[in-house]
Amino acid sequence: MKPLTVAQAASFAGGRVVGDETVCITGISTDSRSIPEGALFLALCGERFDGHKFIGKAIENGAAAVVSSEEIDVPVPVIRVEDTGRALLALAGGYRSLFHMPVVGITGSVGKTTTKEMTASVLREKYRTMYTQGNLNNEIGMPLTVFRMEDETEAAVLEMGMSDFQEISRMTAQAKPDIAVITNIGVSHIEFLGSREGICKAKLEILEGLRPGGTAILCGDEPLLWEKRESLGVKTIYFGIENPACEVRAENIMLSDDCVQFTAKVFDRTFAAEIHTAGRHNVYNALAAAAVGAVLGLQDEEIAAGLAAFTDLHQSVYRKDGFMVIDACYNASPDSVEASLDVLHELDVNGKRFAVLGGMRELGGYQDEGHRRCGRRAAVCADFLYALGDGAEQYREGAREAGMPDDAIRLFSTHEEMAQALREAAKPGDALLFKGSRYWAMEKVLDGFLAEDNRER
């Protein structure tokens, strides 16, 4: 982080200083346990925690100053604010204003993390690129990512997630992206946003912070985004596979177990591209990354090299003990489950295909239909459906509707029971997809299935 004085930080955060405003801070932290020496500690408050209780510990561990919404008497400077969460965002916005480099903001219902990582991989071919680590994409994680910008940074890629209206609006106002990417509009968080149209409205909030002359990069195969093309009021580039009017497209798509090859058409240029991950859905993520690269001046060979260098951390396909395994345990929504089921269906295997699915969350009134929809897809893509958690019964209903026989469907109440049943049923040569909401921790089933000390054959 570029050093700031307490006075500068207070000006950015909209607070007033109690104490020595000339003290220099060299980092920002919200965790009193691992605060770097010389950092500014923000005492965040939530429903089940109050960071003000840990101010003393933060100072013991080296905090040079504190942001607080309470009157406190401590031996370091204090920046007094009304709301520490809002102060964190405002401080990030002020810090971002110190840098004159391209910033890419990415959101979407599905694929935003993968698109973020593909985009960073592409931009690294030309720029020193900083990007969101993991899924630190909320109103705490996004500003903390901004503070990782350094004088040497030449480009930044920021992921923005949300579960309700105005969250992206608040983040983009501070991130001030030069390019805003929306990967797609699905049904994630429909419980809070009411409809796909509501989700689209919330995702489009990312354009509110777009810098003058900035560019929106949107999925042209999504009707809700395509129909907005004349009304957004900003320069817009569309990417897609099916829509021939998109400026960035993929043709001649060839799928294999761990690689996708395609011809990229970027404006008036055409070049061969490949990504080392499975699934047609990942071509959309690659096209978004390619569009960002093109806007920021990368040559075709640089874009292709960046895509080829990408490593998928959220879905891996590998062979183990004779089985083909798709580990997609990272998270789940109806759209991402269907995409992973398609990958299962596309695998070149001689044996049977098992869809091993945990329940999905935050679907609200779409809960039942979302699970039935995935159950129907499972009946097309898999020979067996094993389900766990809330929504398991609806998975079964959907699979039955699509013709999967009852004896091919099994429901479970524990990870251990499910892993044991898989060990008994699956044979070398079979393929297994493991996917579900983070809440259901499907990696426990995968680990139990593959554990050497549990295998009898």
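Peer 1: How would you summarise the packing of helix α1 (residues 6–13) against helix α3 (residues 84–96) if you had to cite specific residues and measurements?
Peer 2: Contact pair α1 / α3: the axes reach a minimum separation of 7 Å and the direction vectors enclose 115 degrees. In terms of axis orientation, α1 runs roughly perpendicular to α3. When you trace α1 past α3, the crossing you get is right-handed. Along its contact with α1, which presents A9, F12 and A13, the element α3 presents A87, A90, L91, G94 and Y95. When its residues are assigned to classes, the contact of α1 with α3 shows seven nonpolar, one polar and no charged.

Peer 1: Go over unusual backbone geometry, please, and point to the residues and values.
Peer 2: Phi at Q166 takes a positive value of approximately 80 degrees, unusual for a residue other than glycine. Within the element layout of this structure, Q166 appears in the loop between β10 (155–159) and α6 (167–175). For Q166, a relative accessible area of 39% puts it in the partly exposed group. Non-glycine residue F267 carries a positive phi angle of around 60 degrees.

Peer 1: Go over the pairing of strand β19 (residues 353–358) with me, naming the residues and quoting the values.
Peer 2: A large share of β19 lies buried, amounting to six of its six residues. For β19 and strand β20 (residues 384–388), the ladder comprises five bridges, and the chain directions are parallel. From the neighbouring strand, A355 faces β20, where its bridge partner is L385. For the crossover from β19 across helix α13 (residues 367–381) to β20, the handedness is right-handed.

Peer 1: Any chance you could break down the packing of aromatic side chains for me, citing the residues and the numbers?
Peer 2: Taken as a whole and assessed by the stated rule, the structure comprises nine aromatic pairs. Aromatic pair W226 and Y238: ring centres 4.8 Å apart, planes at 70 degrees, arrangement edge-to-face. Of this pair, W226 sits in helix α9 (residues 223–226) while Y238 is found in strand β13 (residues 235–240), placing the two residues 12 residues apart along the sequence. A connected cluster of aromatic rings, assembled from ring pairs, spans F354, F384, Y386 and F412. The ring of Y439 is capped by R361, whose NZ or CZ atom sits 3.6 Å from the centre of that ring.

Peer 1: Can you break down the side chain of S437 residue by residue, with the values?
Peer 2: In this structure, S437 sits in the loop between β22 (431–435) and α16 (443–450). Excluding anything up to four places from it in sequence, S437 contacts N331, A332, G359, M360 and R361.

Peer 1: I'd love a proper account of the sheet that holds strand β7 (residues 78–80), names of residues and values included.
Peer 2: Pairing within the open sheet is mixed, and its five strands lie in the order β2-β7-β6-β5-β4. The sheet is open, and its two edges are formed by β2 (16–18) and β4 (27–29), each paired on a single side. Each neighbouring strand pair of the sheet contributes to a mean axis angle of 25 degrees, computed without reference to strand direction.

Peer 1: Please set out helix α11 (residues 300–309) residue by residue, giving values where relevant.
Peer 2: Taken together, the buried positions of α11 are D300, I303, A304, G306 and L307. Within α11, the buried residues cover an arc of 160 degrees as seen down the axis, which keeps them to one side. In the core, the buried residues of α11 are packed alongside α4 (112–123), β15 (260–266), β16 (269–275) and α10 (281–295).

Peer 1: Describe the side chain of T115, and please don't skip the residues or the numbers.
Peer 2: Relative to the assigned elements, T115 resides in helix α4. Discounting residues that sit within four places of it in the chain, T115 has contacts with I106, V181, T183, N285 and A288.

Peer 1: Explain the sheet that holds β22 to me, and be specific about the residues and the numbers.
Peer 2: Here six strands make up an open sheet; going across it, the order is β17-β18-β22-β19-β20-β21 and the pairing mixed. Across the chains shown, the open sheet's two edge strands, defined by having one partner strand only, are β17 (316–320) and β21 (409–412). Each strand axis lies, on average, 15 degrees off the axis of its neighbour in the sheet, ignoring direction. Note: strand β18 (residues 323–328) against β22, five bridges, orientation parallel. Note on β22: the bridge partner recorded for I326 is L433.

What counts, and where the lines are drawn
All chains use their own residue numbering, which begins from 1 and follows the written sequence. Local features in this predicted model are restricted to residues whose pLDDT is 70 or higher, and side-chain atom pairs enter the listing and the counts only when it is 80 or higher, whereas totals over whole chains, interfaces and linings include all residues. In computing side-chain properties, one takes all heavy atoms of the structure into account and sets aside hydrogens as well as water. Between N-to-C directions, angles span 0 to 180 degrees; the directions come from axes that are lines fitted to C-alpha atoms, helices contributing only their stretch in contact. Helix and strand definitions here come from DSSP, where helices need a minimum of 4 consecutive H or I residues and strands a minimum of 2 consecutive E residues; each element is numbered from the N-terminal end. Angles below 35 degrees are treated as roughly parallel, those above 145 as roughly antiparallel, those between 65 and 115 as roughly perpendicular, and all remaining angles as oblique. Each helix crossing is assigned a hand: it is left-handed if the near helix lies turned anticlockwise from the far helix by less than a right angle, otherwise right-handed if that turn is clockwise. Pairs of residues are marked as contacts when any of their non-hydrogen atoms sit within 4.5 Å. All residues other than Ala, Val, Leu, Ile, Met, Phe, Trp, Tyr, Cys, Pro, Asp, Glu, Lys and Arg, Gly among them, are scored as polar; the first ten of these are nonpolar and the last four charged. Only protein chains enter the accessibility calculation, which uses a 1.4 Å probe; a residue is then buried when its area is under 20% of its type maximum, exposed when over 50%, and partly exposed in between. In short, DSSP must find at least two bridges between two strands for them to pair. With strands facing away from the observer, any crossover in which the path from the first strand over the helix to the second runs clockwise is taken as right-handed. Any pair of Phe, Tyr and Trp rings, taking the six-membered ring for Trp, is counted once the centres come within 6.5 Å. Such a pair is stacked with planes under 30 degrees apart, edge-to-face with planes over 60 apart, and tilted for the rest. Think of it as a cone above the ring: NZ of Lys or CZ of Arg counts as a charge over the ring if it is within 6 Å of the ring centre and within 35 degrees of the ring normal. It is the directions from the helix axis to the C-beta atoms that the arc portrays.

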